[in-house]
Number of protein chains: 2
Amino acid sequence: MISPEKHNRMANAIRFLAMDAVEKANSGHPGMPMGTADVATVLFTRFLKFDPKNPLWADRDRFVLSAGHGSMLLYSLLYLTGYEDMTIEDIKQFRQLGAKTAGHPEYGHASGIETTTGPLGQGIANAVGMAIAEKKLTNEFGAELMDHYTYVIAGDGCLMEGISQEAITLAGHLKLNKLIVLWDDNGISIDGAVSLADSTDQHARFRASGWNTLSVDGHDPEAIAAAIEEARKSDKPTMIACKTVIGFGAPNKAGTHKVHGSPLGADEIAATRKALGWSEEAFTIPADVLDAWRLAGLRSTKARKDWEERLAAADADKRAEFTRRFAGDLPGNFDATIDTYKKKLAETKPTVATRKASEDALEVINGVLSETLGGSADLTGSNNTKTSQTKSITPTDFSGRYIHYGIREHGMAAAMNGIALHGGLIPYSGGFLIFSDYCRPSIRLAALMGIRVIHVLTHDSIGLGEDGPTHQPVEHMAALRAIPNLLMFRPADATETAECWQIALEQKHRPSGLALTRQNLVAARTEYEEKNLCASGAYELVSASDAKVSIFASGSEVEIALKAQAELTGKGIPARVVSVPCFELFAEQPDAYREAIIGNAPVKIGVEAGIRQGWDSIIGSDGVFIGMSSFGASGPYKELYKHFGITAEAVVAAAEARLG
Amino acid sequence: MISPEKHNRMANAIRFLAMDAVEKANSGHPGMPMGTADVATVLFTRFLKFDPKNPLWADRDRFVLSAGHGSMLLYSLLYLTGYEDMTIEDIKQFRQLGAKTAGHPEYGHASGIETTTGPLGQGIANAVGMAIAEKKLTNEFGAELMDHYTYVIAGDGCLMEGISQEAITLAGHLKLNKLIVLWDDNGISIDGAVSLADSTDQHARFRASGWNTLSVDGHDPEAIAAAIEEARKSDKPTMIACKTVIGFGAPNKAGTHKVHGSPLGADEIAATRKALGWSEEAFTIPADVLDAWRLAGLRSTKARKDWEERLAAADADKRAEFTRRFAGDLPGNFDATIDTYKKKLAETKPTVATRKASEDALEVINGVLSETLGGSADLTGSNNTKTSQTKSITPTDFSGRYIHYGIREHGMAAAMNGIALHGGLIPYSGGFLIFSDYCRPSIRLAALMGIRVIHVLTHDSIGLGEDGPTHQPVEHMAALRAIPNLLMFRPADATETAECWQIALEQKHRPSGLALTRQNLVAARTEYEEKNLCASGAYELVSASDAKVSIFASGSEVEIALKAQAELTGKGIPARVVSVPCFELFAEQPDAYREAIIGNAPVKIGVEAGIRQGWDSIIGSDGVFIGMSSFGASGPYKELYKHFGITAEAVVAAAEARLG
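Calculation rules
Residues numbered from 1 in each chain as written. Chains lettered and ligands numbered in written order. Predicted model: local features only at pLDDT ≥ 70, side-chain atom pairs only at ≥ 80, totals over all residues. Heavy atoms only, no water. Helix = DSSP H or I, 4+ residues; strand = E, 2+ residues; numbered from the N terminus. Buried < 20%, exposed > 50% of the residue type's maximum accessible area, 1.4 Å probe, protein only. Contact = heavy atoms within 4.5 Å. Areas by Shrake-Rupley, 256 points an atom, 1.4 Å probe, with all protein chains shown as cover. Lys, Arg positive; Asp, Glu negative; His and termini not counted. Charge placed at Lys NZ, Arg CZ, Asp CG, Glu CD. Buried area = accessible area lost by both parts, 1.4 Å probe. Salt bridge = Lys/Arg side-chain N within 4 Å of Asp/Glu carboxyl O. Polar contact = N/O pair within 3.5 Å; in protein donor to acceptor, adjacent residues only side chain to side chain. Nonpolar A, V, L, I, M, F, W, Y, C, P; charged D, E, K, R; others polar. Disulfide = S-S within 2.5 Å. Least-squares fit on C-alpha atoms with pLDDT ≥ 70 in both. Pairing = 2+ DSSP bridges. Axes fitted to C-alpha atoms, helices over the stretch in contact; angles between N-to-C directions. Phe/Tyr/Trp six-rings, centres within 6.5 Å; stacked < 30°, edge-to-face > 60°. Expected span 1.5 Å × (residues − 1). Arc of directions from axis to C-beta. Parallel < 35°, antiparallel > 145°, perpendicular 65-115°, else oblique. Left-handed = near helix turned anticlockwise from the far one by under 90°. UniProt positions renumbered as here; feature names shortened; annotations may be inferred.

1. Focus: the overall build of chain A
Next up, step 1: On a plain count of helices and strands, chain A comes out with 26 helices and 20 strands.
Next up, step 2: In terms of principal-axis extent, the alpha carbons of chain A reach across some 90 × 55 × 45 Å.
Next up, step 3: Residues classed as buried in chain A amount to 68% of the 660 residues present.
Next up, step 4: Long-range pairs, those at least 24 residues apart, make up 78% of the contacts in chain A with a sequence separation of at least 6.
Next up, step 5: Summed over its atoms, the accessible surface of chain A is roughly 20,000 Å², and 51% of this surface lies on carbon and sulfur atoms.
Next up, step 6: Of the charged side chains in chain A, 66 are positive and 81 negative; the average position of the first set lies 1 Å away from that of the second.

2. Let's talk about the interface of chain A and chain B
Next up, step 1: Contacts between the two partners involve 92 residues from chain A, matched on the other side by 92 residues from chain B.
Next up, step 2: Buried area between chain A and chain B, summed over both chains or domains, comes out near 7,300 Å², and the portion from carbon and sulfur atoms is 56%.
Next up, step 3: Counting across the chain A and chain B interface gives eight salt bridges.
Next up, step 4: Note that Arg408 of chain A and Asp198 of chain B form a salt bridge whose closest N and O atoms lie 2.7 Å from each other.
Next up, step 5: Where chain A touches chain B, the interface holds 49 residue pairs in polar contact (both at pLDDT 80 or more).
Next up, step 6: With six residues, the top contributor of residues to the side of chain A that touches chain B is helix H18 (residues 440-449) of chain A.
Next up, step 7: Across the side of chain A that touches chain B, the residue classes break down as 34 nonpolar, 38 polar and 20 charged.

3. What to know about the state of the cysteines
All names here are of chain B.
Next up, step 1: What the rule picks out here adds up to zero disulfides over all chains.
Next up, step 2: Between Cys582, a cysteine without a disulfide, and Cys500, which holds the nearest cysteine sulfur, the sulfur-to-sulfur distance is 7.2 Å.
Next up, step 3: Cys582 gets classed as buried once you look at its relative accessible area, which sits at 0%.

4. Brief notes about the relation of the copies chain A and chain B
Next up, step 1: Of the transformation superimposing chain A on chain B, the axial component is 0.0 Å and the angular component is 180°, with the fit at an RMSD of 0.0 Å. Taken together, the rotation and translation relating the two chain copies correspond to the operation of a two-fold axis. Of the C-alpha atoms belonging to chain A, the one lying closest to the rotation axis is found on Gly162 of chain A, 1.9 Å away.
Next up, step 2: Taken as a fraction of all interface residues of chain A, those also at the interface in chain B reach 100%, which identifies the copy contact as same-surface.

5. Digging into the sheet that holds strand S13 (residues 487-489) of chain A
All names here are of chain A.
Next up, step 1: Reading across from one edge, S10-S9-S11-S12-S14-S13 is the order of the six strands in this open sheet, with parallel pairing throughout. Only two strands of the sheet have a single neighbouring strand rather than two, namely strand S10 (402-404) and S13. Across the sheet, the mean angle separating the axes of adjacent strands is 20° when strand polarity is ignored.
Next up, step 2: Across the sheet, helix H20 (residues 494-506) lies against strand S9 (372-376), strand S11 (426-432), strand S12 (454-458), S13 and strand S14 (512-516), angled at about 165° from S14, the strand it touches most.

6. A look at the pairing of strand S17 (residues 549-553) of chain B
Residue and element names in this part refer to chain B.
Next up, step 1: For S17, the tally of buried residues reaches five of five residues, placing the bulk of the element in the interior.
Next up, step 2: With burial as the criterion, each face of S17 is covered, one bearing Val549, Ile551 and Ala553 and the other bearing Ser550 and Phe552.
Next up, step 3: Note: S17 against strand S18 (residues 575-579), five bridges, orientation parallel. Its bridge partner being in S18, Ser550 is matched across the sheet by Arg576.

7. Comments concerning the packing of aromatic side chains
All names here are of chain B.
Next up, step 1: Tallied over the entire structure, the rule returns 36 aromatic pairs over all chains.
Next up, step 2: Between Phe16 and Trp278, the aromatic rings sit 5.1 Å apart at their centres with planes inclined by 10°, giving stacked as the arrangement. Placement of the pair is Phe16 in helix H1 (residues 4-25) and Trp278 in the loop between helix H10 (266-276) and helix H11 (287-298), with a sequence separation of 262 residues.
Next up, step 3: The exposure class of Phe16 is buried, given its relative accessible area of 2%.
Next up, step 4: Taking the relative accessible area as the measure of exposure, Trp278 reaches 5% and is therefore buried.

8. Re helix H14 (residues 334-348) of chain A
All names here are of chain A.
Next up, step 1: Here H14 spans 21 Å end to end across 15 residues, near enough to the 21 Å set by a 1.5 Å rise per residue.
Next up, step 2: For H14, the complete set of buried residues consists of Phe334, Ile338, Asp339, Tyr341, Lys342, Leu345 and Ala346. Projected onto a plane normal to the axis of H14, the buried residues spread over an arc of 165° and lie on a single side. Opposite its buried face, H14 presents the exposed residues Thr340 and Glu347, each directed more than 90 degrees away.
Next up, step 3: Phi for Lys349, located one or two positions after H14, is positive at around 45°.

9. Here's the deal with the environment of Leu457 of chain A
Residues and elements named next belong to chain A.
Next up, step 1: Tracing the backbone shows Leu457 in strand S12.
Next up, step 2: The spatial distance from the C-alpha of Leu457 to the C-alpha of Gly431 is 5.2 Å, given a sequence separation of 26 residues.
Next up, step 3: For Leu457, the residues in contact, after removing those within four places along its chain, are Gly431, Phe432, Leu433, Ser436, Leu480, Met488, Gly513, Leu514, Ala515 and Leu516.

10. What about the sheet that holds strand S2 (residues 150-154) of chain B?
Residue and element names in this part refer to chain B.
Next up, step 1: The strand order across the open sheet built from five strands is S1-S2-S3-S7-S6, with neighbouring strands paired in parallel fashion. One side of each edge strand has no neighbouring strand; the edge strands of this open sheet are strand S1 (62-65) and strand S6 (212-217). With direction set aside, neighbouring strand axes in the sheet form an average angle of 20°.
Next up, step 2: This element, helix H5 (residues 122-141), spans S1, S2 and strand S3 (179-185) of the sheet and lies at about 170° to S2.

11. With respect to the pattern of salt bridges
All names here are of chain A.
Next up, step 1: Counted under the stated rule, the structure contains 72 salt bridges over all chains.
Next up, step 2: As a salt-bridge pair, Glu144 and Lys318 come within 2.7 Å of each other at their nearest N and O atoms. With Glu144 in the loop between helix H5 (122-141) and strand S2 (150-154) and Lys318 in helix H13 (residues 316-327), this pair connects stretches of sequence that are 174 residues apart.
Next up, step 3: Where Glu588 meets Arg510, a salt bridge forms, and the shortest distance between an N and an O atom there is 2.7 Å.

12. Remarks on the packing of helix H1 (residues 4-25) of chain A against helix H3 (residues 71-81) of chain A
Two numbers describe a pair of packed helices, the interaxial angle and the distance between the axes.
Residues and elements named next belong to chain A.
Next up, step 1: Across the interface, H1 lies against H3 with an axial gap of 9 Å and an inter-helix angle of 120°. Accordingly, the angle class assigned to the pair H1 and H3 is oblique. The interaxial crossing formed by H1 with H3 has right-handed handedness. In contact with Ala13, Ile14, Leu17, Ala18, Ala21 and Val22 of H1, H3 contributes Met72, Leu73, Ser76, Leu77, Tyr79 and Leu80.
Next up, step 2: Partitioning the contact of H1 with H3 into residue classes produces 11 nonpolar, one polar and no charged.

13. Regarding the packing of H1 of chain B against H11 of chain B
Residue and element names in this part refer to chain B.
Next up, step 1: Running from amino to carboxyl end, H1 crosses H11 at an angle of 90°, the nearest separation of the two axes being 10 Å. Taken together, the axes of H1 and H11 are roughly perpendicular relative to one another. On H11, the residues that touch Lys6, Arg9, Met10, Ala13 and Ile14 of H1 are Asp288, Val289, Ala292 and Trp293.
Next up, step 2: Classifying every residue of the contact of H1 with H11 by side-chain character gives six nonpolar, no polar and three charged.

14. Quick look at H11 of chain B
Residues and elements named next belong to chain B.
Next up, step 1: An ideal rise of 1.5 Å per residue puts 16 Å on 12 residues; H11 measures up with 16 Å between its terminal C-alpha atoms.
Next up, step 2: When we look at burial in H11, the residues that qualify are Val289, Leu290, Ala292, Trp293, Ala296 and Gly297. For H11, the angular spread of the buried residues around the axis is 160°, confining them to a single face. With respect to the buried face of H11, the exposed residues turned more than 90 degrees away are Ala287 and Leu295.
Next up, step 3: Tucked into the core, H11 has its buried residues touching H1, helix H2 (31-47) and helix H3 (71-81).

15. Quick look at the UniProt feature "domain: Transketolase-like pyrimidine-binding" (unreviewed entry) in chain A
Next up, step 1: Listed under "domain: Transketolase-like pyrimidine-binding" (unreviewed entry) in the UniProt record, and renumbered for this structure, are residues 352-524 of chain A.
Next up, step 2: As annotated, residues 352-524 of chain A comprises 36% helix and 18% strand, and the C-alpha atoms at either end are separated by 11 Å.

Now the structure itself:
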């Protein structure tokens with residue numbers, strides 16, 4: 001039992017670490033950590049199941065600081081509770097180049113940072129994914145191995161962002177009762193009072209979304225504890241509105257937007273020290289307070305050991321599977337399974353849309369990988385992401401492997417990030433490529449964090465036809481290729497689709513997107529190759545000695561390239577074709593390989609039903625590009641290809657014109 | 001008074017036009033128009049104030065089909081009510097290349113299409129902007145010139161998208177009581193029943209957001225009429241849940257997801273004809289029904305004439321101002337005002353962050369342009385978008401010219417589209433460049449529609465410093481430049497900022513974004529030039545005869561380019577500097593200008609604190625690029641520039657290395 005006085009001193013330790021670190025950095029957000037210190041202290045000292053010495057313990061509670069600008073709250077907690085890789089020196093280095101203690105919490109920088117936050121609303125949506133993962137894995141491995149809560153501290157900004165609506169309605173629908181959101185209800189945003197811009201009744205809103213809601217004084221530890229206690233018993237997710245004072249303790253600035261995003265200044269810090277009765281120097285925590293925090297950090301040691309015993313005592317297969325899944329390793333027979341499938345494709349040479357080829361590949365993959373968790377943003381039949389193994393998950397039955405995410409691309413992508421971060425599962429989604437725009441912030445964060453999520457992005461060009469320019473991606477391949485550490489694939493046929501899936505699944509530390517067609521494509525690859533040719537990003541599909549023309553293409557335009565090559569050959573013009581399923585992997589190849597693939601043909605032509613941006617790295621700025629330079633149009637797709645001049649004839653004509 | 005029988009026949013006219021057009025196109029969405037035909041018939045025959053012969057009448061009610069896949073509903077209504085540019089031939093051309101009747105409604109294709117919809121949730125958020133514009137203009141010009149409703153038909157998909165939450169909470173907060181949303185509550189989405197993915201109590205959700213809500217049987221015309229009547233008297237925005245049957249009338253498919261997105265097929269259409277007692281051939285409307293519809297189209301003729309009389313009778317200045325504003329013309333003294341300001345800048349040569357330079361420019365602009373309507377997504381003090389003229393709009397006082405959009409980038413951008421579409425105002429926003437990702441779908445739609453919205457996007461690179469990679473745009477200039485018909489500006493100093501604002505405001509038919517720095521920049525332009533140099537996209541800032549090195553840079557990196565140029569000159573290496581504030585405008589210049597600006601220096605170097613993608617079009621694929629190739633980092637910005645090698649020293653070293 002922690003006395004009220006001890007609680008206050010423990011919470012004040014957070015407050016002073018936060019204000020002193022921000023002051024030293026001359027940059028940062030002191031108000032939020034000061035305001036939520038009481039809430040966080042109660043959570044971390046009485047409820048959160050975690051072990052700083054075993055930060056990756058699979059069954060730990062997950063804590064998400066959705067209001068990521070309050071990073072010093074998290075760093076303070078990690079230091080105080082005894083995470084070994086978060087020292088007082090790290091705290092002093094807050095916001096300095098190379099420090100673990102970045103401006104916003106960065107996943108991977110230090111143990112205990114469960115996700116990267118800062119872009120508002122992402123954390124709460126990640127947490128929905130974590131709670132989905134927990135419930136799914138509990139169903140699969142039993143509560144003896146998976147039985148934890150997911151806690152979130154979210155601010156007004158998180159709740160105003162639209163993504164939060166997608167997240168909370170999904171969580172409410174799925175009855176994620178072990179998800180508990182602590183809303184830092186401080187009534188302040190950057191412009192001033194929240195009431196300047198918002199009048200939402202958050203309680204009513206959450207209840208309308210299937211949540212339980214509670215209200216507490218966010219500076220009353222017993223009230224906070226009672227609310228969390230109650231929330232843990234709920235059969236629905238719970239939002240606890242914690243009425244707090246931003247910058248609590250700062251005599252002249254607390255409760256105003258002035259404490260949000262700037263240092264308090266020496267005078268106000270001194271006044272706060274006086275007001276809160278804190279006589280220590282900056283970055284100094286009194287021994288009794290630090291001891292109390294370190295003890296709190298040991299609270300779950302026994303639970304962790306008991307869990308390890310249960311894991312050790314589990315059936316050997318189950319233990320091996322659980323361990324493999326949390327290590328993120330694919331099963332040993334994965335590659336062989338793909339290989340067998342590729343042999344079959346080399347025989348059948350199917351003419352098929354790559355979205356359908358993806359479904360066929362998934363049918364094979366989902367048969368051998370128990371960890372894939374599929375879904376779609378209400379486009380299941382269009383994205384082809386559901387296979388025979390993936391029964392739908394329902395609010396009352398998590399034995400399935402497929403989530404109907406609803407028309408919530410952003411919430412879906414952020415939840416997928418949470419599922420991947422949780423561990424034990426590999427999430428893949430379905431959506432239209434055009435609507436990657438709706439979830440781009442979450443895709444970017446997956447890339448920044450370096451996590452394995454896979455986006456199936458169908459209807460990848462004007463090839464979708466009549467739905468028109470609102471649905472036709474033109475700039476999306478370029479825009480997604482622009483995101484660092486994201487692999488974007490655009491396979492040309494069933495074999496490439498299988499290879500791209502294989503590569504995507506093998507990426508432990510980066511996300512992937514597969515851009516797939518609505519329309520049928522003839523097989524570009526007709527011979528079996530053991531090697532995954534897509535793995536080098538680009539490869540020669542048709543060679544020619546003394547080629548005068550090199551044609552580079554991706555996805556559906558490889559068919560056009562092959563047709564043009566044949567026509568050029570017929571005209572006595574030697575030409576080669578290079579398939580380019582993945583720019584990023586090609587960029588990573590050794591110079592010699594890149595040079596060999598790009599080649600020396602005097603005419604280089606790129607063909608893609610998208611914009612040129614990015615293609616110059618392959619065809620050169622003096623190369624010919626056959627693609628789009630405007631938005632698309634509504635009409636039957638074959639007519640659109642002609643209208644926009646993306647045809648074999650156009651390639652041949654361009655080659656001939658260049659050759660003179 | 002329309003009899004129940006006549007109402008049914010009028011509604012059935014929509015149903016058959018929709019199903020026959022989809023059948024002929026063998027593509028499209030019949031279910032939605034069939035389901036909402038009764039609701040739309042009541043709205044268009046009894047309430048909507050519109051005049052097909054004067055489709056741009058400024059005070060017409062606005063009708064937004066947010067569920068844009070139901071485009072045949074809108075096209076049918078336009079044809080039936082007598083819009084002259086929507087003929088039965090146009091209906092027959094549904095979804096054909098070049099037709100007005102695109103797969104989804106495209107703004108500009110035909111009169112009466114108030115906005116482009118299809119990407120879900122956008123329309124309802126556009127409508128919020130239209131209702132804001134109406135309320136603002138009523139305040140400014142009086143109810144005698146501006147007094148109309150904004151109606152929306154939205155589907156389940158619109159309400160599930162997060163953007164809808166941003167839109168409805170903003171509308172509720174601002175008490176937009178003349179906004180009426182008719183929710184097509186058919187319980188069906190593409191995957192099946194909405195209940196597969198969502199359990200939201202929409203009534204409770206809207207009420208929590210400050211809305212009035214009503215429920216009706218969406219096939220009972222009198223109930224629909226009574227609800228709209230009641231909604232029009234509300235002091236809050238109103239959501240009317242219209243319980244409908246998707247595909248109403250199709251005996252075997254109605255009420256299922258099978259009628260959503262595919263033709264019904266000849267048999268089902270025949271069965272529907274029988275069931276609804278419709279004996280006409282496809283595309284044939286019985287004369288009495290067409291007459292009744294055409295009469296409905298004449299309902300507001302008198303109201304329009306009365307309005308014209310009121311406009312004619314208005315004070316001459318007011319009339320001129322109203323007319324100018326709705327024509328979208330800038331005032332005659334605009335250019336001279338900017339010119340005077342540029343002269344002042346040439347004298348003061350301020351060292352200033354471009355976000356602050358933008359505020360200074362806006363102070364001048366807002367003084368001469370009464371139509372600008374500013375705002376920010378809760379970053380007012382960071383985006384510097386508020387000037388002395390722009391008092392905040394509040395729910396009870398629309399005399400201001402500034403909207404606290406809240407932490408709702410997506411809702412903001414979509415509302416801005418609605419404001420621009422409404423006419424009479426030029427909306428500009430404030431946000432961080434990084435969070436353009438949050439509102440990218442709306443920015444894209446602005447570009448597709450060709451409308452004048454201006455996004456102020458500050459904190460435009462690693463130059464923002466300590467907030468770190470979650471807040472540092474790296475790929476965003478490239479990703480935004482990828483969007484066709486969008487002008488992206490990245491000015492280098494106060495003069496360029498003023499020039500870029502001038503260009504952006506002059507664009508009647510395309511949106512613009514201004515990427516602006518957090519950090520101070522020294523003046524790059526030190527001499528007064530009457531000509532708007534930024535208007536050609538790129539121009540020579542420092543020339544050199546027989547230049548060995550050409551340095552191209554944008555925004556904050558122009559300062560680096562100038563420093564490098566001076567160093568190179570000091571070393572006896574003649575170098576020139578080209579400022580590139582706008583790629584898109586440069587791409588539009590005549591070849592001769594482009595070639596002259598790019599020049600023939602053996603070494604071409606591009607400098608931008610973003611990724612290379614796109615730069616090859618200027619520096620060539622063999623050019624040197626000094627910029628980013630990864631995510632950023634948290635730290636003081638000067639250290640970050642050194643860390644990532646974006647310095648004058650790096651430019652000089654690269655030039656020397658290339659020159660050998």
